[in-house]
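Results of the structural survey
Chain residues, written in single-letter form:
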Amino acid sequence: MLQANIFLVVTVILILKPTVNALFLDRFGVGNLPVAFILVAVSAALLSTVYARALLQSSLIKIIKKTYVISVVCLLILGALLKFNLLEDWVLYLFYIGVALFGVLSASQFWILANIVLNAREAKRLFGFIGAGAIGGGIFGGYLTSIMATRVGSENLLFLGVILLSICIPLTNNLWKKHVVPNQTPMRQRKRSKGFSEHPFQLIKKSRHLSLIAGIVGITVIVSKLVDFQFSALATSSIDDPDELASFFGFWFSTMNVISLVIQLFFTKKVVGVYGVGFSLFVLPVAILMPTILLMFIPQLWVAILMRVNEGSIKQSVNRSGIELLALPILIEIKNQTKTFIDVFVDSLATGIGGLILIFVVRGLELSSEVISVIIIVLIGAWIFLVFFVKGEYLNTFKLNIASGHEIKKEDKIDLSDSSVIGGLIKVLNSGTESQILYVLKKLREVSHARFFEPLQKLLNHSNVKVRAQALQLLYYYKTPLAAEKIRALTKDTADEVRIAAFDYLIEHTPQQLEELMSEFLENENHNVRGAALVSLALETRDNPALKEKFDLKERILRQLDNHSGEPEPTGSIIVTANLLKAIGFGSFEELYPVVENHLEHENEELVNAAIQAAAFTDECQMILPLVRLLNHKNYQLQAKKALINFGVGLVDELSRLLEKNQNGDDLRNVADVLEQIDSQKSVKLLLQMTTNTNIATRSKALKALNNLKIKFPHLTVDKEAIIGLIMDEADNYQDTLSVLYIQNTRKNKSEPEQLIDARNSLIDLLERRLDGNLERIFYLLGLKYSLEDIMPIYDGIQSKKPDLRNNAMEFLDNLLDANLKKVLMPLVETALLESISSEAIENLNLKVNSQHDCFKILLEGNDLKLKLAVLYLIKVLKDKKYISLVELYEEDENVKIRTFANEALVAIK
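Residues numbered from 1 in each chain as written. Predicted model: local features only at pLDDT ≥ 70, side-chain atom pairs only at ≥ 80, totals over all residues. Heavy atoms only, no water.

Notes on the overall build of the protein
Looking only at helices and strands, the protein has 43 helices and zero strands in total. For the protein, the proportion of contacts with a sequence separation of at least 24, taken over those separated by at least 6, is 74%. Split by element, the accessible area of the protein, about 41,400 Å² in all, is 56% carbon and sulfur. (Helix = DSSP H or I, 4+ residues; strand = E, 2+ residues; numbered from the N terminus. Contact = heavy atoms within 4.5 Å. Areas by Shrake-Rupley, 256 points an atom, 1.4 Å probe, with all protein chains shown as cover.)

Considering the side chain of Asn-670
Inspection of the secondary structure puts Asn-670 in the loop between helix H30 (665-668) and helix H31 (671-675). Accessibility expressed as a relative area gives 6% for Asn-670, which makes it buried. Within polar-contact distance, the side chain of Asn-670 engages the backbone oxygen of Leu-631 at 3.4 Å. (Buried < 20%, exposed > 50% of the residue type's maximum accessible area, 1.4 Å probe, protein only. Polar contact = N/O pair within 3.5 Å; in protein donor to acceptor, adjacent residues only side chain to side chain.)

Here we look at the packing of aromatic side chains
Applying the stated criterion across every chain, the model contains eight aromatic pairs. Measuring from ring centre to ring centre gives 5.0 Å for Tyr-476 and Tyr-477, while their planes differ by 80°; the resulting arrangement is edge-to-face. With 4.4 Å between their ring centres and 55° between their planes, Phe-586 and Phe-617 make a pair best called tilted. In this pair, Phe-586 sits in helix H24 (residues 571-586) while Phe-617 sits in helix H26 (residues 605-618), placing the two residues 31 residues apart along the sequence. On the basis of relative accessible area, Phe-617 is assigned to the partly exposed category, the value being 29%. Aromatic rings pair up to connect Phe-385, Phe-388 and Phe-389 into one cluster. Here Lys-785 stacks its cationic end above the ring of Tyr-786, 5.3 Å away from the centre of that ring. (Phe/Tyr/Trp six-rings, centres within 6.5 Å; stacked < 30°, edge-to-face > 60°. Lys NZ or Arg CZ within 6 Å of the ring centre and 35° of its normal.)

Quick look at a nonpolar patch on the surface
A cluster of nonpolar side chains, namely Val-69, Val-73 and Ile-77, defines an oily patch on the protein surface of about 240 Å² accessible area. You can see Val-69 is positioned in helix H3 (residues 60-83). (Patch = residues over 30% accessible without salt bridge, like charges linked within 9 Å, V, L, I, M, F, W, Y side chains within 5 Å. Salt bridge = Lys/Arg side-chain N within 4 Å of Asp/Glu carboxyl O.)

Considering empty space enclosed by the protein
Under the definition given, this model contains four cavities of 30 Å³ or more. Within the residue set of the lining of the largest cavity, elements represented by two or more residues are helix H21 (527-540), helix H23 (553-564) and H24. With four residues, H21 is the largest single contributor of residues to the lining of the largest cavity. Considered class by class, the residues forming the lining of the largest cavity number four nonpolar, four polar and two charged. (1 Å grid on protein atoms, 1.4 Å probe; cavity = no way out; pocket = protein on both sides within 12 Å on 5 of 7 lines; lining within 4 Å. Points joined across faces, edges and corners; volume = space filled by probe spheres on them. Nonpolar A, V, L, I, M, F, W, Y, C, P; charged D, E, K, R; others polar.)

Quick notes on the pattern of salt bridges
With the rule as written, the count across this model stands at 16 salt bridges. A salt bridge links Glu-730 to Arg-777; its shortest N-O distance comes to 3.0 Å. Here the residue Glu-730 occupies a position in helix H34 (residues 720-747), and Arg-777 occupies one in helix H35 (residues 754-785), the gap between them amounting to 47 residues. Each member of the pair, Glu-730 as well as Arg-777, carries the same accessibility label: buried. In this structure, Asp-864 and Arg-770 form a salt bridge, with 2.4 Å as the shortest nitrogen-oxygen distance. Here Asp-864 is found in the loop between helix H40 (852-861) and helix H41 (865-878), whereas its partner Arg-770 is found in helix H35, with 94 residues between them in sequence. A single burial state applies to Asp-864 and to Arg-770, both of which are buried. Salt bridges linked by common partners bring Asp-228, Arg-308 and Glu-311 together as one network.

Points about helix H9 (residues 208-238)
Along its 31 residues, H9 runs 45 Å from first to last C-alpha, staying within 8% of the 45 Å computed at 1.5 Å per residue. Among the 31 residues that make up H9, 24 are buried, leaving the element largely enclosed by the rest of the structure. (Expected span 1.5 Å × (residues − 1).)

Things to note about unusual backbone geometry
Non-glycine residue Asp-619 carries a positive phi angle of around 55°. On the secondary structure map, Asp-619 appears in the loop between H26 and helix H27 (624-630). Overall, Asp-619 belongs to the buried group, its relative accessible area being 5%. Phi is positive for Lys-879, which is not a glycine, with a value near 55°. Along the chain, Lys-879 falls in the loop between H41 and helix H42 (884-888). With a relative accessible area of 53%, Lys-879 lands in the exposed category.

As for the packing of H34 against helix H38 (residues 819-832)
Orientation of H34 relative to H38, taken along the N-to-C sense of each, is 40°, at an axis distance of 11 Å. Relative to H38, H34 is oriented oblique. Note on packing geometry: the crossing formed by H34 with H38 is left-handed. Judged by residue contacts, Ile-727, Met-728, Ala-731, Tyr-734, Gln-735 and Leu-738 of H34 engage Leu-821, Val-824, Leu-825, Leu-828, Thr-831 and Ala-832 from H38. Looking at side-chain class alone, the contact of H34 with H38 contains 10 nonpolar, two polar and no charged residues. (Axes fitted to C-alpha atoms, helices over the stretch in contact; angles between N-to-C directions. Parallel < 35°, antiparallel > 145°, perpendicular 65-115°, else oblique. Left-handed = near helix turned anticlockwise from the far one by under 90°.)

Some points on the environment of Ala-640
By the secondary structure assignment, Ala-640 is in helix H28 (residues 637-646). Residue classification places Ala-640 among the buried positions, given a relative accessible area of 0%. Counting along the chain gives 14 residues from Ala-640 to Pro-626, while the straight-line C-alpha distance between them is 9.2 Å.

Remarks on the confidence of the model for the protein
Per-residue confidence for the protein gives a mean pLDDT of 78, with 82% of residues at or over 70. Ranking the elements of the protein by mean pLDDT puts helix H7 (residues 186-192) last, at 58, and helix H43 (residues 896-909) first, at 91. Note on residues 401-419: pLDDT under 50 across the span, and 31 contacts to partners over four residues away in sequence or across chains. (pLDDT = per-residue confidence, 0-100.)

Considering the packing of H35 against H41
One can describe the packing of H35 onto H41 by two numbers: an axis separation of 9 Å at closest approach and a directional angle of 160°. In terms of orientation, H35 lies roughly antiparallel with respect to H41. Two packed elements cross with a definite hand, and for H35 against H41 that hand is left-handed. When H35 is examined against H41, the residues Gln-755, Leu-756, Ala-759, Arg-760, Leu-763, Leu-766, Leu-767 and Arg-770 are found in contact with a partner set consisting of Lys-866, Leu-867, Ala-870, Val-871, Tyr-873, Leu-874, Val-877 and Leu-878.

As for the nonpolar core
Ranked by size, the top nonpolar core spans 175 residues in total, and within it Leu-456, Leu-627, Phe-779 and Leu-782 carry the most contacts. Among residues more than four places away in sequence, those in contact with Leu-627 are Leu-600, Ile-612, Ala-615, Ala-640, Ala-643, Leu-644 and Phe-647. Within the second largest apolar cluster, 105 residues are counted, among which are Leu-2, Phe-37, Tyr-96 and Ile-263. (Core = buried A, V, L, I, M, F, W, Y, C linked by side-chain atoms within 4.5 Å.)

Description of the side chain of Thr-691
Residue position: Thr-691 is located in the loop between helix H32 (681-690) and helix H33 (696-712). Residue classification places Thr-691 among the buried residues on the basis of a relative accessible area of 6%. Polar contacts involving the side chain of Thr-691 include one to the main-chain carbonyl oxygen of Leu-688, which spans 2.4 Å. Every residue in contact with Thr-691, bar those within four places of it in the chain, is listed here: Arg-699, Ala-702, Leu-703, Leu-706 and Leu-726.

As for a negative patch on the surface
Taken together, the side chains of Asp-26, Asp-240, Asp-241 and Glu-244 define an acidic patch exposed on the protein surface. Summarising the element assignment, Asp-26 is placed in helix H1 (residues 2-28). We classify Asp-26 as partly exposed; its relative accessible area is 42%. (Lys, Arg positive; Asp, Glu negative; His and termini not counted. Charge placed at Lys NZ, Arg CZ, Asp CG, Glu CD.)

A look at the environment of Ala-233
Turning to its location among the elements, Ala-233 is positioned in helix H9. With relative accessibility at 22%, the residue Ala-233 sits in the partly exposed group. C-alpha separation for the pair Ala-233 and Leu-25, spaced 208 residues apart in sequence, amounts to 8.6 Å.

Observations regarding the environment of Ser-700
Considering the arrangement of structural elements, one finds Ser-700 in helix H33. For Ser-700, a relative accessible area of 15% puts it in the buried group. Placed 10 residues apart in sequence, Ser-700 and Met-690 show a C-alpha to C-alpha distance of 9.1 Å.

Set out below in structure tokens:
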């Protein structure tokens, strides 16, 4: 259904595009084409932004259906206007722009829909197959237009487009009802259909590699528009009849797709795989350059056709693969954030620039077409220059990624400079260290190449469990089959993850034997083999209700659960139950989710870990709070964190609701570690909210997480005004704490009873720790306003015992801070350098020195539980009646500890 959908959509585009090009050129001539380019660029940029944001606020299926319905209605109106010769000039401009926008929208919404319908494993297998539908639609639509335009007329082609596009509405609706609604929770849909990032431009600006890619894409589009103009101009001058012109465009657009398909099938893999990314990116500019030079001396239509066919066919085959490979070393998170921006916004901007160039040359200076050829040649020179540099940057980025990998030491760094990228990766797979091999295996998840097959196969005998499992998971995507005996042997591997990967492979590559194989393994006497088979089958049938029913998975799980309920749990029984829990989560058996939720609180550690893995796959909100609570358990922190991160952006909304319900601060204090991994503006908002939490540990964690989030996802924005407000709040707290600390230090007396000395020293120690925490939070807040790379070395320097380092840090801070912040913060930081708080320091800060009674009142009115308890304990030891009225305010406090300490203090005083 997905392939049929994209086939119909591209077919309609290839019917509309030649038709509108012919009508536009017939009415306005080629001279007005640049104006249309600019209007399309502006409209596409605006519409893409609005559309991306709409995806975050409305149901995708509603937007898709509205797009189709509006498009059908517009085509009917335009068809009628054409039929009755009522087509005004402004309507034809709208028609031209509308066709271009329909191409942007239809492609964008289709691939988002495909991303929701298919899981990651299915997508990697099927996107190539589905994409063939797009090429097929391009071939069919173009040739159909070529044949029909002269026979039935251009206006009647629009009604054919209406019919084909109307089929897409029930097709899409059926696809959604059958493959999304039954199998995808709302949270999973949101997670898979994540919209555009807020500011991907900042990521591109900061990365030389991304900037070069954007530059190459931009020049490619500008050259493409100039080539298209030359082609259209010569075609218009040679063909007068608009129907014949539409037929001509349709024929050559389809022919370009046919040639592109041939190149893709027979040449691209060899060019890109053997000669590498650098050579593949040189092919397109050189292929355009030769006919462009020829056109300057032989300005005939056949030369323009050659130039346009070269450009159109190679751009969608060899050049597209080269660009995709060029993005390989970029971290997947950054790639996802910038790809849409480059593909849509850079493309739109370049289209507008192409239009402006043509307006300046053709209309403004009234120069000949030879000048346009000269401009193309100059741009191709700049294009080749960028390709030359990007090849070196490509290798450099790869080396930096490997060098900075957490699992790879500097001495293990892979040298990619002396061989091609693929050859270097194969060398690592054959002879690298475990950490290097694991890094390369992680990078190979994004590509599939025949030359990696043999090295991956050898890794199935590797001593490291993770290497064996990941190698087998990659071989899963290769069509070349592995020996059946080898895979069967791996189903009995000592490691559970290897066994599951082996079953995954068998399910995918032996579909004709699936029923026989799985029946054999599901009934195997070895509970390890039996459990791995069940887990793998559950994962494979997750979005396939028919296959679930065929193997009776739900009943099989229920029977095994009944067999093991209420019994003592020996090792074998625990392993069986753990696999059943994974099967419930992996297979999306919603009615059995309570079983998973119950085991999240089980006393057995192995069962809790299995329940956590299962919960991560459920995408159910009721699993979030139990997982959050496990963040506070040292044995489950890492697993629970990974599970929560898997919930994606949808998790942030649920955590916001938990905070609004005033859930226990202890439960939520560690969610900041999760939020720092979720690329969303909502994460920023929630972490900022957590910085005002009454729990000091929560505040500190939230600030550190915010800084980590900003480092990982630089495009996310933090409200600078809110940060300044928080800095001022922390500065006020620092001053209050400093004042109280000064009073307690002045009250110290060695002649006091030992119990009183201990109580006062405990309060002083706690106040000093609070000052340290205050200062650290101030610096983390400054890291959000400025750069953490600049701020944290200053903080470390201030903490240093070396005077020169402290002085340098203070000087750097003094030059960095804005005037208002400098006035408030510099005196505070200077007090942090003092061994003890003197009266002079208090005077310099203009702090009011309160009485001890007022200091106690300030601390008791605050939100720091430990400080409140320390004050109440000190009052208890002091036994001074003047504090009775102050303590009585807390004898009915909602907090049990405060209530207890207050009552004990009152008893001691009275």
